[in-house]
Amino acid sequence: MHRVLVLGAGKIGRAIAMLLHSAADFDVLVADADNAALTKLQGMVPVDTTLADAGNPGQLRSLMQDRDSVISALVFSANPAVAEAAVEPWPRPSPKPKP
């Protein structure tokens, strides 16, 4: 299953979450700073949600860490910070030694 992070739970983010959920091939996590928007989404589609500030680089990196893809449904001015968080080097686990 492909793990997707959707940033933004407004009209566009809700539409994206609903589409991905209906495809049944995606594990969807929606993040937003507005708890009311997340609550509204939860009433419409059964996806995971989390309260998060897209302006916080540490929070963004943490949310992205276990996701295969990130979709931004944020206001365009927030996207440079999202892109910067996405391209930062990830801490990779050390390869397991071969027996």
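Parameters at a glance
- Residues numbered from 1 in each chain as written.
- Predicted model: local features only at pLDDT ≥ 70, side-chain atom pairs only at ≥ 80, totals over all residues.
- Heavy atoms only, no water.
- Helix = DSSP H or I, 4+ residues; strand = E, 2+ residues; numbered from the N terminus.
- Buried < 20%, exposed > 50% of the residue type's maximum accessible area, 1.4 Å probe, protein only.
- Salt bridge = Lys/Arg side-chain N within 4 Å of Asp/Glu carboxyl O.
- Contact = heavy atoms within 4.5 Å.
- Axes fitted to C-alpha atoms, helices over the stretch in contact; angles between N-to-C directions.
- Parallel < 35°, antiparallel > 145°, perpendicular 65-115°, else oblique.
- Left-handed = near helix turned anticlockwise from the far one by under 90°.
- Arc of directions from axis to C-beta.
- Pairing = 2+ DSSP bridges.

What should I look at first to understand unusual backbone geometry in this one?
Glycine aside, negative phi is the norm for most residues, and most peptide bonds take the trans geometry. Of note in the backbone geometry, Ala24 takes a positive phi value of approximately 65° without being a glycine. Mapped onto the secondary structure, Ala24 falls in the loop between helix 1 (11–23) and strand 2 (26–32). For Ala24, a relative accessible area of 51% translates into the label exposed.

Please clarify how the pattern of salt bridges should be interpreted in this entry.
When the charged atoms of two side chains lie near each other, side chains of opposite charge can form a pair. Here the structure, examined in full by the defined rule, presents 3 salt bridges. Taking the shortest distance from any N to any O, the salt bridge between Arg67 and Asp27 comes out at 3.7 Å. Linking Arg67 in the loop between helix 3 (57–64) and strand 4 (69–72) with Asp27 in strand 2, this pair joins segments that are 40 residues apart in sequence.

For this particular structure, what's the right way to read the environment of Gln65?
Mapped onto the elements, Gln65 comes out in the loop between helix 3 and strand 4. When its relative accessible area of 44% is taken as the criterion, Gln65 is described as partly exposed. For the pair Gln65 and Ala86, spaced 21 residues apart in sequence, the C-alpha separation works out to 9.2 Å.

Would you mind showing me how to read the side chain of Arg14 here?
Take Arg14: it is sitting in helix 1. Sequence-distant contacts of Arg14, that is, excluding residues within four places in its chain, are made with Ala9, Lys40, Leu41 and Met44.

Looking at this structure, how should I read the packing of helix 3 against helix 4 (residues 79–87)?
Packed helices, taken two at a time, are described by the angle their axes make and the gap between the axes. Helix 4 packs onto helix 3 with a crossing angle of 55° between their chain directions and a minimal axis gap of 9 Å. Regarding the angle of helix 3 to helix 4, the classification is oblique. Classified by chirality, the crossing of helix 4 by helix 3 is right-handed. Facing Leu60, Arg61 and Met64 of helix 3, the residues of helix 4 in contact are Ala81, Val82, Ala85 and Ala86.

Is there a simple way to explain helix 2 (residues 35–44) in this structure?
All buried positions along helix 2 are accounted for by Ala37, Leu38 and Leu41. Taken around the axis of helix 2, the buried residues stretch over an arc of 100°, which confines them to a single face. For helix 2, the exposed residues set more than 90 degrees away from the buried face come down to Ala36 and Gly43. Contact partners of the buried residues in helix 2: helix 1, strand 2 and strand 3 (48–51).

Looking at this structure, how should I read the sheet that holds strand 1 (residues 2–7)?
The parallel open sheet is built from 4 strands, whose spatial order is 3-2-1-4. Because the sheet does not close on itself, it has two edges, and the strands there are strand 3 and strand 4. In this sheet, adjacent strand axes meet at a mean angle of 20° when their direction is disregarded. Bridge count for strand 2 against strand 3 is 4 bridges, and the pairing is parallel. By the bridge assignment for strand 3, Asp32 is matched with Leu51. On the sheet, helix 2 packs against strand 2 and strand 3 and is oriented at approximately 170° with respect to strand 3.

The analysis is restricted to geometry; functional conclusions fall outside its scope.
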